[in-house]
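Residue strings, one per chain:
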Amino acid sequence: MILVVSRNDIPVVWPFNKGVSLQCIIAVQRHAVDPVSFSVPNTNYKMCFSASASFGLSAVLVTTSAITFRKVKSKDQLMFAAIPLVFAIQQFTEGFVWLSLKSGGDAGEHNIPAHIFLFFAHVVWPLWVPVAVFVMEKNPARKKIVMAMILIGAVVSVYLGSCLLRFPVHASIRGHHVFYGLDFPLVLKWFCAVLYFIPTVLPPFVSSGKRMKLLGLAVLASYIVSQVFFEGYVISVWCFFAAAISATVYFIIHGFSKVSTSDISN
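Quick look at the structure, then. Because the structure is a prediction, the values reported are computed rather than measured.

### Examining the pairing of strand β4 (residues 177-182)
In step 1: Taken across its six residues, β4 has six buried, putting it largely inside the fold.
In step 2: Because side chains alternate across β4, one face comprises the buried residues H177, F179 and G181, and the other comprises V178, Y180 and L182, equally buried.
In step 3: Alignment of strand β3 (residues 169-174) against β4, held across six bridges, turns out to be antiparallel. In the strand pairing of β4, V169 is matched with L182.
In step 4: Between β3 and the antiparallel strand that follows it, β4, lie two residues; G175 among them carries a positive phi value of about 70 degrees.

Right, here's the structure in full:
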């Protein structure tokens, strides 16, 4: 059976079967469905996400970043060492998303903090992560693999960046989470999700750095937790978890400072 529902006054053809409840269809109309995963936001699991949490994590990451930069031994480590600082800026921005929404600010296209936060999530990270790993890597074969990930990240960044400019963005507080409603085209939904995953999660696994794989495992685990327990809020929650995990960049840089270049390239 096929149902036709309205989303932003645009008819959407929806296959109605046992796997799709009427709740899901109503949620589409009310922007309650994550347009990336097409899932109704899960409100069963709550954590204390708030403006204070975002600002607090941002402050911790700024401190971590300052300490990390002191451990940098070569220029090729600078971009990787800056990851906590970039996350700090992103979390600081989401703190203003919280404040804006709490004070009754615009939840739509004119919510500048929301657009900045999503710019980091959709445009910056698909390129920053693989490039940071690439410039540190000494093994030629591994550099070629990471270069392929950079190219994928560039495609993802350009596509999602263009979507941010062309389509409406809505932010709202639901329970203890910020929900970002992105009215992006749905045709490339799954394909784009896979392409996003490759440059943002996989580069640490390719790196020959001994501690890099631990970072990759932590980021992967945080993604799985976000998908399973915070379905519908993945953009906000995963970025928060990844930001916290990025503090481990200090230990990776510190480890690099203890080994020779030949050890890293093995």
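Structure shown, so let's carry the discussion forward.
### A few points about the environment of H176
In step 1: As for its position among the elements, H176 is in the loop between β3 and β4.
In step 2: For H176, a relative accessible area of 35% gives the class partly exposed.
In step 3: Sequence separation between H176 and S50 is 126 residues; the distance between their C-alpha atoms is 6.9 Å.

### Regarding the state of the cysteines
In step 1: Evaluation of the coordinates by the stated rule reveals zero disulfides.
In step 2: Between C163, a free cysteine, and C192, which holds the nearest cysteine sulfur, the sulfur-to-sulfur gap is 7.2 Å.
In step 3: When its relative accessible area of 0% is taken as the criterion, C163 is described as buried.

### Digging into helix α2 (residues 51-71)
In step 1: Here α2 is 21 residues long and its end C-alpha atoms lie 31 Å apart, about the 30 Å a rise of 1.5 Å per residue gives.
In step 2: For α2, every residue scored as buried is listed here: A51, A53, S54, L57, S58, L61, T64, S65 and T68. Axial view of α2: buried residues confined to an arc of 150 degrees, hence all on one face. The exposed residues of α2 that point more than 90 degrees off its buried face are S52 and R70.
In step 3: Contacts made by the buried residues of α2 are with α3 (78-81), α4 (83-102), α10 (234-245) and α11 (249-256).

Conventions we followed
- Residues numbered from 1 in each chain as written.
- Predicted model: local features only at pLDDT ≥ 70, side-chain atom pairs only at ≥ 80, totals over all residues.
- Heavy atoms only, no water.
- Buried < 20%, exposed > 50% of the residue type's maximum accessible area, 1.4 Å probe, protein only.
- Helix = DSSP H or I, 4+ residues; strand = E, 2+ residues; numbered from the N terminus.
- Pairing = 2+ DSSP bridges.
- Disulfide = S-S within 2.5 Å.
- Expected span 1.5 Å × (residues − 1).
- Arc of directions from axis to C-beta.
- Contact = heavy atoms within 4.5 Å.

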